[in-house]
Amino acid sequence: MTMTLLEQLRHICGPANVLTHEDPATDLSPWEQDWRKRVTGRALAVVRPGDTAQVVAVVKTCAAHQTPIVPQGGNTGLVVGGVPDSSGTQIVLSMTRMNAVRAIDPANLTITVEAGCVLQNLQVAADKAGFLFPLSLGAEGSCTIGGNLGTNAGGTQVVRYGNTRELCLGLEVVTAQGEIWHGLSGLRKDNTGYDLRNLMIGSEGTLGIITAATMKLFPQPAAQLTAWAAVPSMEAAVQLLGLAHQRLGPGLTGFEVMGQFALSLVDKHFPQLRVPLWQGTPWCVLLENSDSESESHARGQFESLLEAALEQGCVSDAVVAENLTQAKSLWHIRESITMAQAQEGLNIKHDISIPVSRIPAFVAETDALLAQNVPGVRMVDFGHLGDGNLHYNVQAPEGADGSVFLRDFEDRVNTWVFDQVQRFGGSISAEHGVGEQKVHKLPIYKDPTALAMMRAVKQALDPHKLLNPGRVLG
Ligand code: FAD
Ligand code: 2HG
Ligand code: ZN
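Our subject in this report is the structure included herewith.

What counts, and at which threshold
Residues numbered from 1 in each chain as written. Chains lettered and ligands numbered in written order. Predicted model: local features only at pLDDT ≥ 70, side-chain atom pairs only at ≥ 80, totals over all residues. Heavy atoms only, no water. Pairing = 2+ DSSP bridges. Helix = DSSP H or I, 4+ residues; strand = E, 2+ residues; numbered from the N terminus. Contact = heavy atoms within 4.5 Å. Axes fitted to C-alpha atoms, helices over the stretch in contact; angles between N-to-C directions. Near = heavy atom within 4 Å. Areas by Shrake-Rupley, 256 points an atom, 1.4 Å probe, with all protein chains shown as cover. Nonpolar A, V, L, I, M, F, W, Y, C, P; charged D, E, K, R; others polar. Polar contact = N/O pair within 3.5 Å; in protein donor to acceptor, adjacent residues only side chain to side chain. Salt bridge = Lys/Arg side-chain N within 4 Å of Asp/Glu carboxyl O. Buried < 20%, exposed > 50% of the residue type's maximum accessible area, 1.4 Å probe, protein only. Arc of directions from axis to C-beta.

Adjacent strands of a sheet pair through backbone hydrogen bonds, lying either parallel or antiparallel. Taken in spatial order, the four strands line up as S1-S2-S4-S3 in an open sheet, and their pairing is mixed. Two strands bound the open sheet, and with one partner strand each, they are strand S1 (18-19) and strand S3 (69-72). In terms of strand pairing, S3 meets strand S4 (residues 90-94) through four bridges, oriented parallel. The residue bridging Gln72 from the neighbouring strand is Ser94, located in S4. In the packing of helix H1 (residues 5-13) onto the sheet, the strands contacted are S1, strand S2 (43-47) and S4, and the crossing angle to S2 comes to about 10°.

As structure tokens, then:
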């Protein structure tokens, strides 16, 4: 007697790890709905493998049944890349049971973890071993390292440590054919052909399933100080960034910009967070100085940087956190902008990068363009200015019906913004990825030869479009 697909999947992962709509009491929405609640798909099943061998067996079984697989980690992605479509024919491959720390190699400065390991747990494991794992983002309490690698996530430490790609030394991957690529080398140098690791990173689950990764560790800094500065313009923020690079060198580990309206939303929705200095200034900047010497050295450097900035007029006021608790509160304000914006209502998100030098002109021109075309539009601008990465988000006018605003304006606003990004030599995704959301925009804004090469790679590695179909390349 031949087993059905679901019977086979239950045989591989155990009945408790194959969730379906057959049981009306089972709520699959945590896996079917994206974080922003913009899309709710319907999965044939949510399958939760416990080890790499089970992933192999699931992939082979799905391939035999021509059943598409949507890899999923913490489901915090912001571009609709990790949820199933509405057909009811795709399985969600939830990696969260595969969350072990496999090994720490202190001499090699590496940690090897399974893909479903929650980022915060990875940070804690590194910390307990006396090291720093610097990847840091607002969703770190629930996103997974597999998802971070899948999207090549950025976050708030990129200015010093790079994005997830730069933190990764090796991968274990299950291919669309159900083979295992044992690539957990931990090598810092390996010139034996094409760079498959970097091809997999940022492929958003369309080229292979990452089951484990070897990541870089760093020495813990002796001191970490945080400052919050009011700046009179975006030009001034860029000037401050230059000064911070000059004065702090590799000590500059964070440089975030936040627009006044973005901070007003945090103040409105989370008044207990007590946002400093935002009322009298168009922009605030959050800076972090990590020092390998001592706290007093770091404080001295910070004070002289801020004095110079005040003298030059690129800072109008500033506070330096007195202790770790204050520093954490300042970072918490920054990380609360996404939630505050969600509480304010439906919005259009942009995750763009532009050469830092051109950001002031980009913002001035694009703000004017949007204000002219969408009367009353409210800009929620913030992000990783140190990396030239802005979350140039657009909120509906005050009192407007959010869904009507999206219906009438989302596509046009995207086009206005992306055309500007192209004109300024930027990218339409700096860190969140393409997912389903920007799939129709990629052919417009990506170099055609690059796109053709990407299609050839997809065809070679996943000819039957088993892995996350409809994402990245459509
Ligand atoms: P998911 O959302 O589950 O999946 C994301 C993509 O990766 C999907 O395409 C999925 O198919 C693929 N994928 C997941 N696991 C695997 C795997 N094991 N193998 C192959 N493919 C896989 N992003 C940033 O870059 N910087 C930020 O500062 C940032 N801040 C955020 C703050 C908040 C409050 C929220 C909600 C999100 C934020 N994000 C940020 C976006 C998101 O958290 C990141 O993209 C994160 O890397 C996604 O991880 P995840 O485990 O939730 O992945
Ligand atoms: C951040 O930097 C994230 O906080 C989310 O990338 C950005 O909410 C956003 O648009
Ligand atoms: Zn970001």
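Let us look at the sheet that holds strand S10 (residues 209-216). Strand order in the open sheet formed by five strands is S5-S6-S10-S8-S9, and the pairing between neighbours is antiparallel. The outermost strands of the open sheet, each flanked by one partner alone, are strand S5 (101-105) and strand S9 (180-183). Taken over all neighbouring pairs, the strand axes of this sheet differ in orientation by 15° on average, direction set aside. Here strand S6 (residues 110-114) pairs with S10 via five bridges, running antiparallel. Within the sheet, the bridge partner assigned to Val113 lies in S10 and is Ala213. Lying over the sheet, helix H3 (residues 52-64) contacts S5, strand S8 (168-174), S9 and S10, oriented at roughly 50° with respect to S8. Relative to S6, helix H4 (residues 119-128) is tilted by about 145°, and along the sheet it contacts S5 and S6.

The next point concerns the site of ligand 1. Near ligand 1, the surroundings consist of 35 residues, among which Pro71, Gly73, Thr76, Gly77 and Thr144 are the closest. Calculation on ligand 1 without its partners gives an accessible area of 980 Å², and the protein chains cover 96% of this total. For the shell around ligand 1, the leading source of residues is helix H5 (residues 145-151), giving four residues. Partitioned by chemical class, the residues of the shell around ligand 1 number eleven nonpolar, 22 polar and two charged.

Another aspect to go through is the site of ligand 2. Taken together, Leu78, Arg334, Thr338, Lys349, Phe382, His384, His391, Asn393, Glu431 and His432 form the complete shell of residues around ligand 2. A distance of 2.7 Å is found between an oxygen atom of ligand 2 and a side-chain nitrogen or oxygen belonging to Thr338. For ligand 2, an oxygen atom lies 2.7 Å from a polar atom in the side chain of His432. Considering ligand 2 on its own, with 300 Å² of exposed area, one finds that the protein chains cover 89% of that surface. Those elements giving two or more residues to the shell around ligand 2 turn out to be strand S18 (378-384) and strand S19 (389-395).

Let's shift gears to the pattern of salt bridges. It is possible for side chains bearing opposite charge to pair when their charged atoms get close. Under the definition given, this model contains 15 salt bridges. Look at the salt bridges and you will find they share partners, linking Lys268, Glu344, Arg378 and Glu398 into a network.

If you check which residues of H4 are buried, you get Leu119, Leu122, Gln123, Ala125 and Ala126. Down the axis, H4 shows its buried residues gathered within 160° of arc, on one side only. Where H4 terminates, the next one or two residues include Gly130, which has phi positive at roughly 90°.

That's the geometry; what it means functionally is another story.
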